[in-house]
Amino acid sequence: MTTTATRAGARPDRGTRRDLLAVGAVGALVAVAAGVGWLLIDFSVGPNGRGPYTGWPPLWAQWAPHVGPGTVPALALAALVVVKGPEWAARLSWKRLLWVAYATAAGWIFFLALVDGWGDGIQGRLERQPEYLSAVPKIRDIGAFLAHFTDGIVAGPHQWTEHVAGHPRPV
């Protein structure tokens, strides 16, 4: 079955136009966020005072490309998604597609972390002080945690770690 949007030379249908507008709006939002951030920060050096530095908000990071044990699996997974993803999206039920997307995203995150190896990329990240798991012992009551979560975002005696608080800008 061919729709108007899939025939060669045909104009996109209303749903496709809406999708393209949504993608354009997201792109514009990221561009505006990057532009505002670019104007507000000194992006010539990194937060530790050293460069090179990617000073294009919302990307706040040191530029340090490298390879490791997770590189090949991450690239293989990316290639699999590019080649088979459209077919799976068309063929799978919505419920199964959600599970495949979840597994793919989890695998992607795992392989990217594995680029730094098991000790530094997986285990080390979980054990470091500014990471998420270091905040777990602070939580005694789930209800109180949710009710007062925002109290720990700004600096204070009960401040969350940077990842839990939402990556505040280093001072």
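S.K.: Residues and numbers for the overall build of the protein, please.
M.R.: Assigned secondary structure in the protein consists of six helices and two strands. Listing every helix and strand of the protein by position from the N terminus yields α-β-β-α-α-α-α-α. Looking at the protein residue by residue over its 171 residues, the buried ones come to 16%. Of the roughly 13,000 Å² of accessible surface on the protein, 69% is carried by carbon and sulfur atoms.

S.K.: Quick rundown of the environment of Leu126? Include the residues and the values.
M.R.: With respect to the helices, strands and loops of the structure, Leu126 is situated in helix H4 (residues 117-127). For Leu126, a relative accessible area of 46% translates into the label partly exposed. Setting aside residues no more than four positions away along its own chain, Leu126 makes contact with Glu131 and Leu133.

S.K.: Tell me about helix H3 (residues 94-114), and please be specific about residues and values.
M.R.: With 21 residues, H3 extends 30 Å between its outermost C-alpha atoms, agreeing within 8% with the 30 Å of an ideal straight helix rising 1.5 Å per residue. Check the buried side of H3 and you find it contacts helix H2 (71-91) and H4.

S.K.: Before we move on, could you go through the packing of aromatic side chains and cite the residues and values that matter?
M.R.: Scanning the entire structure with this criterion turns up four aromatic pairs. Seen from their ring centres, Phe145 and Phe149 are 5.6 Å apart, and the 75° between their planes marks the pair as edge-to-face. Ring-pair connections join several aromatic residues into one group, and the members of that group are Phe110, Phe111 and Trp118.

S.K.: Before we move on, could you go through the environment of Val72 and cite the residues and values that matter?
M.R.: Inspection of the secondary structure assignment puts Val72 in helix H2. Distance from Val72 to Leu112, taken between C-alpha atoms, is 9.9 Å for residues 40 residues apart in sequence.

S.K.: Give me the pattern of salt bridges: which residues, what numbers.
M.R.: Under the criterion given, the structure shown has two salt bridges. With a shortest N-O distance of 3.6 Å, Arg91 and Glu87 are connected by a salt bridge. Remark: Glu87 and Arg91 occur in helix H2; sequence separation between them is four residues, near one turn of the helix. The exposure class of Arg91 is exposed, given its relative accessible area of 55%. Connected via shared salt-bridge partners are Lys84, Glu87 and Arg91.

S.K.: Mind laying out the packing of H2 against H3, listing which residues take part and the relevant values?
M.R.: Axis separation between H2 and H3 bottoms out at 10 Å; the angle between their running directions is 165°. Relative to H3, H2 is oriented roughly antiparallel. Note on packing geometry: the crossing formed by H2 with H3 is left-handed. Here H2 contributes Pro73, Ala74, Leu77, Ala78, Val81, Trp88 and Ala89 to the contact with H3, which in turn contributes Leu97, Val100, Thr104, Gly107, Trp108, Phe111 and Leu112. Grouping the amino acids of the contact of H2 with H3 by side-chain chemistry returns twelve nonpolar, two polar and no charged.

S.K.: Residues and numbers for a nonpolar patch on the surface, please.
M.R.: Together, Trp108, Ile109 and Leu112 make up an exposed nonpolar region whose accessible area comes to about 300 Å². Tracing the backbone shows Leu112 in helix H3. Of the residues examined, Leu112 reaches a relative accessible area of 41% and is grouped as partly exposed.

Rules used in this analysis
Residues numbered from 1 in each chain as written. Predicted model: local features only at pLDDT ≥ 70, side-chain atom pairs only at ≥ 80, totals over all residues. Heavy atoms only, no water. Helix = DSSP H or I, 4+ residues; strand = E, 2+ residues; numbered from the N terminus. Buried < 20%, exposed > 50% of the residue type's maximum accessible area, 1.4 Å probe, protein only. Areas by Shrake-Rupley, 256 points an atom, 1.4 Å probe, with all protein chains shown as cover. Contact = heavy atoms within 4.5 Å. Expected span 1.5 Å × (residues − 1). Phe/Tyr/Trp six-rings, centres within 6.5 Å; stacked < 30°, edge-to-face > 60°. Salt bridge = Lys/Arg side-chain N within 4 Å of Asp/Glu carboxyl O. Axes fitted to C-alpha atoms, helices over the stretch in contact; angles between N-to-C directions. Parallel < 35°, antiparallel > 145°, perpendicular 65-115°, else oblique. Left-handed = near helix turned anticlockwise from the far one by under 90°. Nonpolar A, V, L, I, M, F, W, Y, C, P; charged D, E, K, R; others polar. Patch = residues over 30% accessible without salt bridge, like charges linked within 9 Å, V, L, I, M, F, W, Y side chains within 5 Å.

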